[in-house]
Amino acid sequence: MGKNIVAIVQARMGASRLPGKVMLSLHGMPILKWVFQRTQKTKSINGTIFAIPDNKDNDSLNEYLNQIGARVYRGSEDDLVRRFYMTAKYVNATHVVRICADNPFVSGAEVDRLVQFYLESNCDYAYNHIPKNNRYPNGIGAEIVSFQVLQNINEEARNPDHREHVFNFIWAHPEQFEILTFDPADKRLACPDIKLDIDTRQDYEKLCRMNVNIEMEACEIVAAAKALK
């Protein structure tokens, strides 16, 4: 059977620190549209699907995603592992690339590098979305596992903290999983001090001040972030 590598974007309206952040306007369009459109630029992914909660609070999110032509799977708000797992199962994914809905500057090219690295290294989990043991900025990459690893997490994770965040179980059990990362090939991206994800109102306001557009390459976005300093 061939590989079916699917990007799953987990999104919801109820973020604790900045509610509704995925629908905030960034340079004229919702953050979620940035994520969707930029994820579409990947060459190694067979499709993208949004995993959102199945409660009324997220009906407007579902409506917007349908409007822009995105695929959606709805599941548990609190048990994120199960929502993620059921989404992967729904699309018959052999591998899943997790993309954060609060990373508007996710780079298709850097996600492709992640997939290539993962397939060549034969590890359990690889990432380049955060500057942990690598020199990537925060917010332009992603994470990847096989469906089998995701199924393992769904079956074994019991701690509530390990159900609220998809890959916390992996980080809590490094003896069970081979975790790998890598540095960006383009030295212009080697800026681990730059934060491009949105957790707080301050993060959002900073990104709004950046001179960027949705078509920009990762190096241009990092340069725009540097220009604010």
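Keep in mind the model is a prediction, meaning the values are calculated, not measured.

Trainee: Give me the overall build of the protein chain: which residues, what numbers.
Mentor: Looking only at helices and strands, one finds nine helices and nine strands in the protein chain. A compact globule built from 229 residues would reach a C-alpha radius of gyration of about 17 Å, and the protein chain, at 17 Å, matches this within 12%. When its C-alpha atoms are laid out on the principal axes, the protein chain stretches across 45 × 40 × 30 Å. A burial count over the protein chain gives 55% of its 229 residues as buried. Within the protein chain, residue pairs in contact and separated by at least 24 positions form 69% of the contacts whose partners lie at least 6 positions apart. Counting only carbon and sulfur atoms, one obtains 45% of the accessible surface of the protein chain, whose full area is about 10,500 Å².

Trainee: Could you give an account of unusual backbone geometry, naming the residues involved and the relevant values?
Mentor: A positive phi angle, near 50°, is found at His-27, a position not held by glycine. Tracing the chain through its elements places His-27 in the loop between strand S2 (25-26) and strand S3 (29-30). Phi is positive for Asn-133, close to 65°, though the residue is something other than glycine. Relative to the helices and strands, Asn-133 is located in the loop between strand S7 (125-127) and strand S8 (143-146).

So, how was this worked out
Residues numbered from 1 in each chain as written. Predicted model: local features only at pLDDT ≥ 70, side-chain atom pairs only at ≥ 80, totals over all residues. Heavy atoms only, no water. Helix = DSSP H or I, 4+ residues; strand = E, 2+ residues; numbered from the N terminus. Rg over C-alpha atoms; globule rule 2.2 N^0.38 Å. Buried < 20%, exposed > 50% of the residue type's maximum accessible area, 1.4 Å probe, protein only. Contact = heavy atoms within 4.5 Å. Areas by Shrake-Rupley, 256 points an atom, 1.4 Å probe, with all protein chains shown as cover.

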